[in-house]
Amino acid sequence: MSTTAVPPAARTPRNTHPRTRGSGAGPLFVAPFLVLFVLLFLAPLGYAAYLSLFQERLVGGTVFVGLDNYVTALKDPQLLHGVGRVALFFVIQVPLMLLLAVLFALALDSGLLRLARLIRLGVFVPYAVPSVVAALMWGYLYGPDFGPFAQASRHLHLPAPHFLSDGWMLGSLANIVTWEFVGYNMIILYAALRTIPQELYEAAAMDGAGPWRIAWSIKLPALRPALLLTLLFSVIGSFQLFNEPNLLMKIAPDVITSSYTANLYAYSLAFTGQQLNYAATVSFLLGLLIVVASYAVLLTADRRRTS
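Residues numbered from 1 in each chain as written. Predicted model: local features only at pLDDT ≥ 70, side-chain atom pairs only at ≥ 80, totals over all residues. Heavy atoms only, no water.

The next subject is the overall build of the chain. Helix and strand content of the chain: 13 helices and two strands. Along the first, second and third principal axes, the C-alpha atoms of the chain reach 110 × 70 × 40 Å. Across the 307 residues in the chain, those meeting the buried criterion constitute 35%. Sequence separation of 24 or more characterises 66% of the internal contacts of the chain that already satisfy a separation of 6 or more. When the accessible area of the chain is evaluated, it comes to approximately 19900 Å², of which 68% is carbon and sulfur surface. Charge separation in the chain, taken as the distance between the mean sites of 19 positive and 13 negative side-chain charges, equals 14 Å. (Helix = DSSP H or I, 4+ residues; strand = E, 2+ residues; numbered from the N terminus. Buried < 20%, exposed > 50% of the residue type's maximum accessible area, 1.4 Å probe, protein only. Contact = heavy atoms within 4.5 Å. Areas by Shrake-Rupley, 256 points an atom, 1.4 Å probe, with all protein chains shown as cover. Lys, Arg positive; Asp, Glu negative; His and termini not counted. Charge placed at Lys NZ, Arg CZ, Asp CG, Glu CD.)

Below is the structure:
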C-alpha cells in the first residue's frame, strides 16, 4: 500500500487565519490617540464642568452652587452682547469668505488662468501667516495716525477712514479673518473639484454645455460636501474669535472691551478678573453653543439633501 506525500505548500498551517493574525495590533495603534484625546480634551472639559459648579466667595471660600453660575451667565448682558456680536460677525463674514473661496477654486480649476500656481500660492500664503502677526499688520494698516490709508487720505486732502471706530470695527475684523482664511478654504474646495471625473466634463461638452453651464450644473453640486465642511470649520472659528479683537483692543480700547466676544470675555474673567469658576461656566456654555450651531448646520444640510 503506497502513500502519497502531501507537498509542504499544500499543508494548511494552524492559527494562520488572516483575521486572527495581528488581531491585537489595532488597539495598540489607536491607544496613543485615545490617551491624548482623554488627557487633552475630555479631562480639561470635565474639569471645566466641575469648576463651573462652584463659586468662590469672600466668606466661606469655594462653595458648591450647582447651576447658579449657568443661570447667571444666561442673564449676563455682557455675555449675551458678545454672543450676538459674534453671530453678526458670522452672518457677515462667512458667506463673503466662502464666496471668494469658491470663485478662486473655480477659476483655478478652469485652467484658463495664467500663472495659476503663482495665484494659488498668493491666495494661500496669508493662511500661513500667524493670526497674531496678521492682526498686528492690519492694525498698523488701519491706524488713524501713521497707517498708509490715513496718510494717503491726508495727502489727497480727504478725511481719514475710521477703520477702528465702533461702526467699522466689526467689518475691519471680518476683513482680517477673510484675508487669513480664504486661501485655506480655497484649497479644500479646489481639492474637491480635482476629484470630479474628466468624463463628466467631456460628456457635458458633447451635449453643448459651455464653461458656465458646467460650473453651475457639475462643479457647484460636487462642491456641496466640501462647502459643508468649510462651513462647519467657519462656525467653530467664528464663535471662538479671540486673537484679532484681543490685539486690536490695545489700539482701540474704547471700542473693543473685554467682553467684545464671548471667548475674549471668558479669557478676561479668568486671567484679569480671577473668576475661574464663572469663566469655566462661560467657556462651557460657549462650547455647547458651538455644538448646537454645528448640529443645526448639519441638520439643515441633511434636510435639503433629502428634499
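Core analysis: the largest hydrophobic core is formed by 44 residues, its most contacted members being Leu189, Phe239 and Val282. For this core, the secondary-structure elements that each account for two or more residues are helix 2 (68–74), helix 3 (77–110), helix 7 (169–193), helix 8 (198–206), helix 9 (211–222), helix 10 (224–239), helix 12 (262–271) and helix 13 (276–306). If we skip the residues at most four places from it in the chain, Phe239 touches Val86, Asn263, Leu286, Leu289, Ile290 and Ala293. By size, the runner-up hydrophobic cluster in this structure holds 21 residues, among which are Phe89, Leu141, Phe242 and Leu264. (Core = buried A, V, L, I, M, F, W, Y, C linked by side-chain atoms within 4.5 Å.)

In this structure the tally under the stated criterion is 18 aromatic pairs. Taking 6.4 Å as the distance between ring centres and 80 degrees as the angle between the ring planes, the aromatic pair formed by Tyr70 and Phe284 counts as edge-to-face. Here Tyr70, found in helix 2, pairs with Phe284, found in helix 13; they are 214 residues apart in sequence, far enough to count as distant. Each member of the aromatic cluster is reached from another via a ring pair, and the members are Trp138, Tyr142, Phe149, Phe163, Trp168 and Trp179. For Arg85, the ring lying beneath its charged end belongs to Tyr260, and the centroid distance is 4.4 Å. Taking the ring centre of Tyr201 as reference, the NZ or CZ of Lys219 above it sits at 5.5 Å. (Phe/Tyr/Trp six-rings, centres within 6.5 Å; stacked < 30°, edge-to-face > 60°. Lys NZ or Arg CZ within 6 Å of the ring centre and 35° of its normal.)

With that out of the way, let us pick up helix 10. Compared with an ideal rise of 1.5 Å per residue, which puts 16 residues at 22 Å, helix 10 spans 23 Å between its outermost C-alpha atoms and is within 8% of the ideal. Burial in helix 10 covers these residues: Ala226, Thr230, Leu232, Ser234, Val235, Ser238 and Phe239. Those residues of helix 10 that are buried are in contact with helix 3, helix 7, helix 12 and helix 13. (Expected span 1.5 Å × (residues − 1).)

Turning our attention to the side chain of Glu180. When you line up the elements, Glu180 lands in helix 7. There is no salt bridge for the buried Glu180, and the closest opposite charge comes from Lys250, which lies 15 Å off by N-O distance. When near neighbours in sequence (up to four residues on either side) are disregarded, Glu180 contacts Pro126, Tyr127, Pro130, Ser131, Ala134 and Glu244. (Salt bridge = Lys/Arg side-chain N within 4 Å of Asp/Glu carboxyl O.)

A word on unusual backbone geometry. A positive phi angle is found at Leu115, which is not glycine, with a value near 55 degrees. Topologically, Leu115 is positioned in the loop between helix 3 and helix 4 (116–128). Even without being glycine, His157 reaches a positive phi, approximately 60 degrees. Within the secondary structure layout, His157 lies in the loop between helix 6 (148–155) and helix 7.

Pairing of strand 1 (residues 54–57) with strand 2 (residues 61–64), which is carried by four bridges, proceeds in the antiparallel orientation. Following the sheet pairing, Gln55 is matched in strand 2 by Val63. (Pairing = 2+ DSSP bridges.)

It is worth spelling out the pattern of salt bridges at this point. The tally for this structure, following the rule as stated, stands at two salt bridges. Through salt bridges with shared partners, a single network forms among Asp109, Arg194 and Lys219.

The next thing to look at is helix 13. Helix length check: helix 13 (31 residues) gives 45 Å between terminal C-alpha atoms against 45 Å at 1.5 Å per residue, within 8%. By the burial criterion, the buried members of helix 13 are Asn277, Tyr278, Ala279, Ala280, Thr281, Val282, Leu285, Leu286, Ile290, Ala293, Ser294 and Val297. Contact partners of the buried residues in helix 13: helix 1 (25–51), strand 1, helix 2, helix 3, helix 10 and helix 12.

Relative to the helices and strands, Lys250 resides in the loop between helix 11 (243–248) and helix 12. A relative accessible area of 58% means that Lys250 is categorised as exposed. Separated by 159 residues in sequence, Lys250 and Val91 place their C-alpha atoms 26 Å apart.

Before going further, it helps to spend a moment on the confidence of the model for the chain. Of the residues in the chain, 92% have a pLDDT of 70 or more, and the chain-wide mean is 87. Taken element by element, the chain is modelled with least confidence in strand 2, mean pLDDT 83, and with most confidence in helix 7, mean pLDDT 94. (pLDDT = per-residue confidence, 0-100.)

So, about the environment of Thr178. Topologically, Thr178 is positioned in helix 7. The class of Thr178 is buried, set by a relative accessible area of 9%. A sequence separation of 82 residues divides Thr178 from Leu96, and the C-alpha atoms of the two residues are 7.8 Å apart. Beyond its immediate chain neighbours, meaning those up to four positions away, Thr178 contacts Gln93, Met97 and Leu100.

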